[in-house]
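Report on the structure
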Amino acid sequence: MTFQHSLLAVAVGTLCISAQAVEFRSADVHNSDDYPTVAAVKYMSDVLSKQSNGKYKIKVFNKGALGSEKETLDQVKIGALELNRVNIGTLNAICPKTLVPTMPFLFDSIAHMRKTLDGAIGEEILKGCESQGLVGLAFYDSGARSIYAKKAVRTLADAKGLKIRVQQAELPVALVGAMGANATPMPTGEVYTGLKTGVIDAAENNIPSYEGFKHYEAVKFFSHTEHSMAPEVLVMSKAVFDKLPAADQTLVRAAAKESVGFQRKKWDEQEAKALEIVVKGGATIVKDVDKAAFKAAMAPVYAKFINTPDLQRLVKAVQDNK
């Protein structure tokens, strides 16, 4: 083969490679292939593929196939993985502004939460992760976390002294402590047995988790404290994103935003189905909770975590965004 033929072969080979679809990999720890966040990123792939004429698509690796959320986030930061759906709590230590949506009783309702995160406040929080090598693309719903126990929890007096399982993180420990309860950090896999044996009196999570982990079999009162509406977050590697042409960056952002409505619809459907299952299973849903008293008890939590003028400004902006 002549030198000219060699150059031609290389050029043709390069052309073929560039003509192939670019497949981004996205990680998620949820087990179900139809879980709302997993399904939403697959939907995003369909939108992106269509809008880019097949240039880009996304392959979702769920069930923790690529590692824990912390492990996959580390891969995304250095560009070894393109996309990652994570619980917002995973970002708190590296992106301080992500603390704001995790604060207790911050949002008055799911509608308030969605309106806030869809607007300028949400965009500012997402942008706050760029210095850490992460492009925040979208917020996904994770429902409202409430307390479920062997008795109804309507007041602070009802919560006082209860051993309540929380996630293994500083904020939920402080939150439950401010209620006068005893925070008991524990892995998710140990909660069912803990409730059954009385090692813990209660736990806190959303309705789909209460149903999915069969916790309603162990404790029958689900009290709508709705103390946290912390979202999930979809992030992309900034190292990867910055290499895309500007027009393609716009396509990625638009496809992510379009997937939000799809995810919320799936979430609402899952929540309704889970509610029906737990009620049929004998659970009592307690709605008459004194939220004002619970919210007032959170002042020490805000003082501890919302400890800079910038975070205080953002919290006030959320509260004013009715």
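Preceding this paragraph is the structure being described.
In what follows, the accompanying structure is described. From a predicted model like this one, the values you see are computed outputs, not experimental measurements.

Rules used throughout
Residues numbered from 1 in each chain as written. Predicted model: local features only at pLDDT ≥ 70, side-chain atom pairs only at ≥ 80, totals over all residues. Heavy atoms only, no water. Salt bridge = Lys/Arg side-chain N within 4 Å of Asp/Glu carboxyl O. Helix = DSSP H or I, 4+ residues; strand = E, 2+ residues; numbered from the N terminus. Buried < 20%, exposed > 50% of the residue type's maximum accessible area, 1.4 Å probe, protein only. Pairing = 2+ DSSP bridges. Axes fitted to C-alpha atoms, helices over the stretch in contact; angles between N-to-C directions. Contact = heavy atoms within 4.5 Å.

**Here we look at the pattern of salt bridges**
Enumeration over the complete set of coordinates arrives at 29 salt bridges. Here aspartate 34 makes a salt bridge to lysine 266, at a shortest N to O gap of 2.8 Å. Of this pair, aspartate 34 sits in the loop between β1 (22-27) and α2 (36-51) while lysine 266 sits in helix α11 (residues 246-280); the two residues are 232 residues apart in sequence, bridging distant segments of the chain. The exposure class of aspartate 34 is partly exposed, given its relative accessible area of 47%. A residue is classified by how much of its surface remains accessible, and lysine 266, at 19% relative accessible area, is buried. One salt bridge connects aspartate 320 with lysine 316, and the closest N-O pair in it is separated by 2.6 Å. Note that aspartate 320 and lysine 316 are positioned in helix α14 (residues 309-320) at a spacing of four residues, about one turn of the helix. Taking relative accessible area as the criterion, lysine 316 reaches 48% and is therefore assigned partly exposed.

**Looking at unusual backbone geometry**
A positive phi angle, near 60 degrees, is found at lysine 63, a position not held by glycine. Examined against the element boundaries, lysine 63 turns out to sit in the loop between β2 (56-61) and α3 (69-77).

**A look at the sheet that holds strand β6 (residues 163-166)**
Taken in spatial order, the six strands make up an open sheet running β7-β6-β8-β5-β9-β11, and their pairing is mixed. Only two strands of the sheet have a single neighbouring strand rather than two, namely β7 (182-185) and β11 (284-286). Within this sheet the neighbouring strands show an average axis-to-axis angle of 30 degrees, counted without direction. Relative to strand β8 (residues 202-205), strand β5 (residues 145-149) runs antiparallel, the two being bridged by four bridges. Bridged to serine 146 within β8 is asparagine 205.

**Concerning the side chain of aspartate 248**
Tracing the backbone shows aspartate 248 in helix α11. Residue aspartate 248 is classed as buried on the basis of its relative accessible area, which comes to 8%. With residues near it in sequence (within four places) discarded, aspartate 248 still touches Lys55 and Tyr56.

In short, geometric facts, not functional conclusions.
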